Amino acid sequence: MTPLRQRFIDDLRVRNFSRKTIHAYVAGVVRFSRHFNRSPAELTTEHIRAYQLHLLKKHATWSVYNQTVCALRFLYGTTLAKPDMVQRIPYGKKPKTLPGVLSPDEVVRLLAAAQPGRERMLLQTAYACGLRCSEVLRLQCTDIDSARMVIHVREGKGPKERLVPLSAGLLQELRAYWRRFRPPTWLFPGVPADRHMTDGSVHRICQQIVRRSGLKKRVTMHTLRHSCATHLLEAGADVVTIQALLGHIYLKTTAHYLHVSTRRFQQLPSLLERLLLPTGTAPAPAAAPVEGRP
């Protein structure tokens, strides 16, 4: 490991960036450096601009594009102490898309297609509590607080801790699951059992369940989180409460679900029905006048 890479990692660590973010930032800088086969310390803003155009040419996703920009801005602004360069590394304008959401009936179909046990419990917990995939995987048995009827999410995005409500139905399912499988530490252990399941294995399992369910929508573990927020909104929960449940920092992030909730649409008047449209069969056309008659 080069001294520059080690210093870059250390700068990220002292600012309490998550392991996942550190890995992604390092990978982005490494790809940038290898593209020119030179150390980032020797490269200029013109090289960065050329690399950004290269990413666009390769049709990199906007998430990858902007994540690379974040990594380079941190590298040059903090580790290399070149703040003037940071202002010349622009972000890309990410297209605004609506989150994918399942209907309640589709959620039932998805859960029914999951195998009883770990598979179904994993999906039920993610949906009922609106958890991210990483948050579900890092749940420990001791995080289930039945006395207060809450689940303690200890490694949320950020990282931030929060409490989410535990329903009586989910508690009953979790108790039955624990009595059957007796997970020692992690609620959803992997292989070996002293480690939790990995993101990759969960996403593969999720896609197998989606295929068995016959759903034609694009469904991921995060779709269950979107569906939870939208269904709560449609059931009458306020946006601020949903913000706390999901662990969002900004209210505008939670407000995105207002765009996919159908409750607002159902409350709107139907313009077509308010028109005085004729009912029944259309009237017959008037008969043509007979020649010689008025």
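Before reading on, note that the structure itself is shown above.
## A few points about the overall build of the protein chain
1) Next: On a plain count of helices and strands, the protein chain comes out with 15 helices and 3 strands.
2) Next: Within the protein chain, contacts between residues separated by at least 24 positions form 57% of all contacts whose residues are at least 6 apart in sequence.

## A few points about the sheet that holds strand β3 (residues 162–165)
1) Next: The strand order across the open sheet formed by 3 strands is β1-β2-β3, and the pairing between neighbours is antiparallel. Strands with a single pairing partner mark the edges of an open sheet, and in this sheet they are β1 (144–145) and β3.

## Quick notes on the packing of helix α7 (residues 118–129) against helix α9 (residues 168–181)
1) Next: Where α7 meets α9, the axes come as close as 11 Å, and the angle between the chain directions of the two elements is 155 degrees. Of the possible angle classes, the one that applies to α7 and α9 is roughly antiparallel. The crossing of α7 and α9 is left-handed. Contacts between α7 and α9 involve R118, M121, Q124, T125, A128 and C129 from the former and L170, E173, L174, Y177 and F181 from the latter.
2) Next: A breakdown of the residues in the contact of α7 with α9 according to their chemical character gives 7 nonpolar, 2 polar and 2 charged.

## Observations regarding the environment of I144
1) Next: Its place among the elements puts I144 in strand β1.
2) Next: Between the C-alpha atoms of I144 and L174, which are 30 residues apart in sequence, the distance is 8.9 Å.
3) Next: Setting aside anything within four residues of it in sequence, one finds I144 in contact with V150, I151, L166, L171, L174 and L187.

## With respect to the pattern of salt bridges
1) Next: Scanning the model with the defined rule gives 7 salt bridges in all.
2) Next: For R38, the salt bridge identified is with E42, shortest N-O distance 3.6 Å.
3) Next: Assessed through its relative accessible area of 36%, R38 is described here as partly exposed.
4) Next: On the basis of relative accessible area, E42 is assigned to the partly exposed category, the value being 48%.
5) Next: Ionic pairing is found between R132 and E135, a salt bridge with its closest N-O pair at 2.5 Å. We note that R132, like E135, is buried.

## Comments concerning helix α4 (residues 62–79)
1) Next: The terminal C-alpha atoms of α4 lie 24 Å apart, and with 18 residues this matches the ideal 26 Å at 1.5 Å per residue to within 8%.
2) Next: Along α4, the residues classified as buried are Y65, N66, T68, V69, A71, L72, F74, L75, Y76 and T79.
3) Next: The inward-facing, buried residues of α4 abut α1 (3–14), α2 (19–36), α3 (45–57) and α5 (83–86).
4) Next: Downstream of α4 by a residue or two, A81 has a phi angle that is positive, lying close to 55 degrees.

## As for the packing of aromatic side chains
1) Next: Scanning all chains against the criterion turns up 8 aromatic pairs.
2) Next: Where F17 meets F74, the ring centres are 5.5 Å apart and the plane angle is 65 degrees; that geometry is what we call edge-to-face. Placement of F17 in the loop between α1 and α2 and of F74 in helix α4 is noted, with a sequence separation of 57 residues between them.
3) Next: On the basis of relative accessibility, which here comes to 28%, the residue F17 falls in the partly exposed class.
4) Next: When the ring of F32 is compared with that of Y51, the centres are 5.3 Å apart and the planes differ by 70 degrees; the resulting orientation is edge-to-face. Note that F32 is positioned in helix α2 and Y51 in helix α3, a separation of 19 residues in sequence.

Rules behind the numbers
- Residues numbered from 1 in each chain as written.
- Predicted model: local features only at pLDDT ≥ 70, side-chain atom pairs only at ≥ 80, totals over all residues.
- Heavy atoms only, no water.
- Helix = DSSP H or I, 4+ residues; strand = E, 2+ residues; numbered from the N terminus.
- Contact = heavy atoms within 4.5 Å.
- Pairing = 2+ DSSP bridges.
- Axes fitted to C-alpha atoms, helices over the stretch in contact; angles between N-to-C directions.
- Parallel < 35°, antiparallel > 145°, perpendicular 65-115°, else oblique.
- Left-handed = near helix turned anticlockwise from the far one by under 90°.
- Nonpolar A, V, L, I, M, F, W, Y, C, P; charged D, E, K, R; others polar.
- Salt bridge = Lys/Arg side-chain N within 4 Å of Asp/Glu carboxyl O.
- Buried < 20%, exposed > 50% of the residue type's maximum accessible area, 1.4 Å probe, protein only.
- Expected span 1.5 Å × (residues − 1).
- Phe/Tyr/Trp six-rings, centres within 6.5 Å; stacked < 30°, edge-to-face > 60°.

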